[in-house]
Amino acid sequence: MKASRFDYHRPATRAEALDMLQTLEGAKILAGGQSLVPMLNMRYAFVDHVVDINRVDGLSGIEIGGNVRIGAMTRQRHILADPALKARLPVVAAALGFVGHLHTRNRGTIGGSLGHMDPAAELFGIATLLDATIHVESKRGPRAVAIADYPQGYMTPNLDPDEMIVGISLAPPAEGHGWSFIEFAQRHGDFAVVAVGTTLAFDAAGKVNDARIVLCGMGIAPLRLAAGEALLMGTAAEPAAIAAAADLATRQDAMSDALASERYRRHLAGVLTHRALTEARARASHGKVQ
Ligand SMILES: Cc1cc2nc3c(=O)[nH]c(=O)nc-3n(C[C@H](O)[C@H](O)[C@H](O)COP(=O)(O)OP(=O)(O)OC[C@H]3O[C@@H](n4cnc5c(N)ncnc54)[C@H](O)[C@@H]3O)c2cc1C
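Just so we're clear, the structure is a prediction, and the values are computed from it rather than from any experiment.

Some words on the overall build of the protein
- Within the protein, the secondary structure is distributed over 11 helices and 14 strands.
- Expected size for 290 residues packed as a compact globule is a radius of gyration near 19 Å; at 19 Å, the protein falls within 12% of this value.
- Dimensions of the protein, computed from C-alpha atoms along their principal axes, come out at roughly 60 × 40 × 30 Å.
- Taken over 290 residues, the protein has a buried fraction of 50%.
- Considering only contacts within the protein whose residues lie at least 6 apart along the sequence, 63% involve residues at least 24 apart.
- Taken as a whole, the protein presents about 13,200 Å² of accessible surface, with 53% of it coming from carbon and sulfur.

Brief notes about the domain arrangement of the protein
- Under the domain assignment, the protein is made up of domain 1 (7-52), domain 2 (62-170) and domain 3 (178-283).
- Measuring from the centre of the C-alpha atoms in domain 1 to the corresponding centre in domain 2 gives 19 Å.
- Tallying the contact residues gives 11 residues for domain 1 and 16 residues for domain 2.
- Carbon and sulfur atoms make up 65% of the surface buried where domain 1 meets domain 2, a total of about 1,200 Å² over both sides.
- The largest per-residue losses of area from domain 1 upon contact with domain 2 belong to Arg-14, Leu-18 and Gln-34, which jointly make up 38% of the total buried on that side.
- Between the two partners, domain 1 and domain 2, sit 2 salt bridges.
- Residues Asp-19 and Lys-139 are paired through a salt bridge, measuring 3.2 Å at the closest nitrogen-oxygen approach.
- Between the two partners, domain 1 and domain 2, sit 2 residue pairs in polar contact (both at pLDDT 80 or more).
- No other element matches the 5 residues that helix α1 (residues 14-23) contributes to the side of domain 1 that touches domain 2.
- A per-class count over the side of domain 1 that touches domain 2 returns 5 nonpolar, 4 polar and 2 charged.

Topic: the nonpolar core
- Membership of the largest hydrophobic core comes to 37 residues, with the highest contact counts inside it found for Val-91, Val-92, Leu-114, Ile-126, Ile-134, Tyr-150 and Leu-170.
- Residue assignment for this core shows that the elements contributing at least two residues are β5 (68-71), α5 (90-96), α7 (110-116), α8 (122-129), β6 (133-138), β10 (164-170), β11 (178-184) and β13 (208-216).
- The element contributing the most residues to this core is α8, with 5 residues.
- Composition of this core by domain shows at least three residues from each of domain 2 (62-170) and domain 3 (178-283).
- Leaving out residues up to four positions away in the same chain, Val-91 has contacts with Ile-126, Leu-129, Leu-130, Trp-179, Ser-180, Phe-181, Thr-198 and Thr-199.
- Ile-213, Met-218, Ala-245 and Ala-276 belong to the second largest nonpolar core, which has 27 residues in total.

Notes on the side chain of Thr-235
- Among the structural elements, Thr-235 can be located in the loop between α9 (226-232) and α10 (239-249).
- Separated by 2.9 Å, the side chain of Thr-235 and the backbone nitrogen of Ala-237 make a polar contact.
- Not counting residues up to four positions away in its chain, the partners in contact with Thr-235 are Gly-206, Lys-207, Val-208 and Ala-241.

Focus: the pattern of salt bridges
- Summed over the entire model, instances satisfying the criterion amount to 16 salt bridges.
- Residues Arg-224 and Glu-229 are paired through a salt bridge, measuring 2.6 Å at the closest nitrogen-oxygen approach.
- When its relative accessible area of 24% is taken as the criterion, Arg-224 is described as partly exposed.
- Glu-229 sits in the buried class, given a relative accessible area of 10%.
- Across the salt bridge formed by Asp-257 and Arg-265, the nearest N and O atoms sit 3.1 Å from each other.
- A relative accessible area of 36% means that Asp-257 is categorised as partly exposed.
- Judged by relative accessible area, Arg-265 falls into the buried class, the value being 1%.
- Through salt bridges with shared partners, one network takes in Asp-131, Asp-210, Arg-212, Arg-224 and Glu-229.

Reading guide: rules and limits
Residues numbered from 1 in each chain as written. Predicted model: local features only at pLDDT ≥ 70, side-chain atom pairs only at ≥ 80, totals over all residues. Heavy atoms only, no water. Helix = DSSP H or I, 4+ residues; strand = E, 2+ residues; numbered from the N terminus. Rg over C-alpha atoms; globule rule 2.2 N^0.38 Å. Buried < 20%, exposed > 50% of the residue type's maximum accessible area, 1.4 Å probe, protein only. Contact = heavy atoms within 4.5 Å. Areas by Shrake-Rupley, 256 points an atom, 1.4 Å probe, with all protein chains shown as cover. Domains from an automatic or database assignment. Buried area = accessible area lost by both parts, 1.4 Å probe. Salt bridge = Lys/Arg side-chain N within 4 Å of Asp/Glu carboxyl O. Polar contact = N/O pair within 3.5 Å; in protein donor to acceptor, adjacent residues only side chain to side chain. Nonpolar A, V, L, I, M, F, W, Y, C, P; charged D, E, K, R; others polar. Core = buried A, V, L, I, M, F, W, Y, C linked by side-chain atoms within 4.5 Å.

Here it is in structure tokens:
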């Protein structure tokens, strides 16, 4: 099938893009096109105007400071291959290894992944795990959206039609933290049925002082397993504590769809949380200087 008719626009500057988003009725941003184009071609989505932001300067790049800031148009392959990011936040590259295929990562962007907001998207999970702030701009000015306030419904981000994501900030755990991102999908490169990401940081006494666990694919948005995180805090993340946190993952609400039942998703959440926490614990420096 072919997309229904639309007008194509290619702004050269951010101001021009924002102007188009404000004035054109029924406009959608085109980033990597890896989700929008199939949606248009299959006629799941209908638009009057496509605003292609691929020629707009200043929307890509990775800056590592106290937080990590990634420009919206940064390609997934650049994020995956960035050595400084891999050293500071290895869980990001681990998650990106599961995103689509080489050719989809060559075009796909982090802003597009968050704009599309598939419930099982790994980068949406990473944003939730790492307490992301989504930086948004429109002609009305900039806005910062905490990831907790970002999902408004199924594949519905907290974005007005005239707004564009310009970057994402991630809050990394302390240096030396352990990490893991694992998923179960029907085939490699497919969206996950369930994915689990975790980071664990330990103090000098070997006790957990920062625990983060995210479950993806369970509902309309990734879910932080807050009770499991609280349970691990102050422990040495010994096997019994990990088992207890994994047990909590099996008790979360989950959806049923053509891929898997609610019961199977909850089972997967428990198994993957157990594996991910065990792996993260093994990778952590446990408060020792590395
Ligand atoms: C075969 C295949 C397998 C895939 N497998 C996976 C997978 O396993 N995991 C996964 O997460 N994804 C997967 N994807 C999707 C892929 O990662 C896309 O790259 C991603 O979902 C969208 O990124 P994009 O840059 O291509 O965005 P586009 O397709 O250009 O846009 C997607 C949506 O986001 C909006 N948007 C784009 N940029 C912005 C912005 N800056 N501000 C506001 N809105 C914006 C668009 O208007 C559109 O609604 C797969 C895609 C394909 C084709």
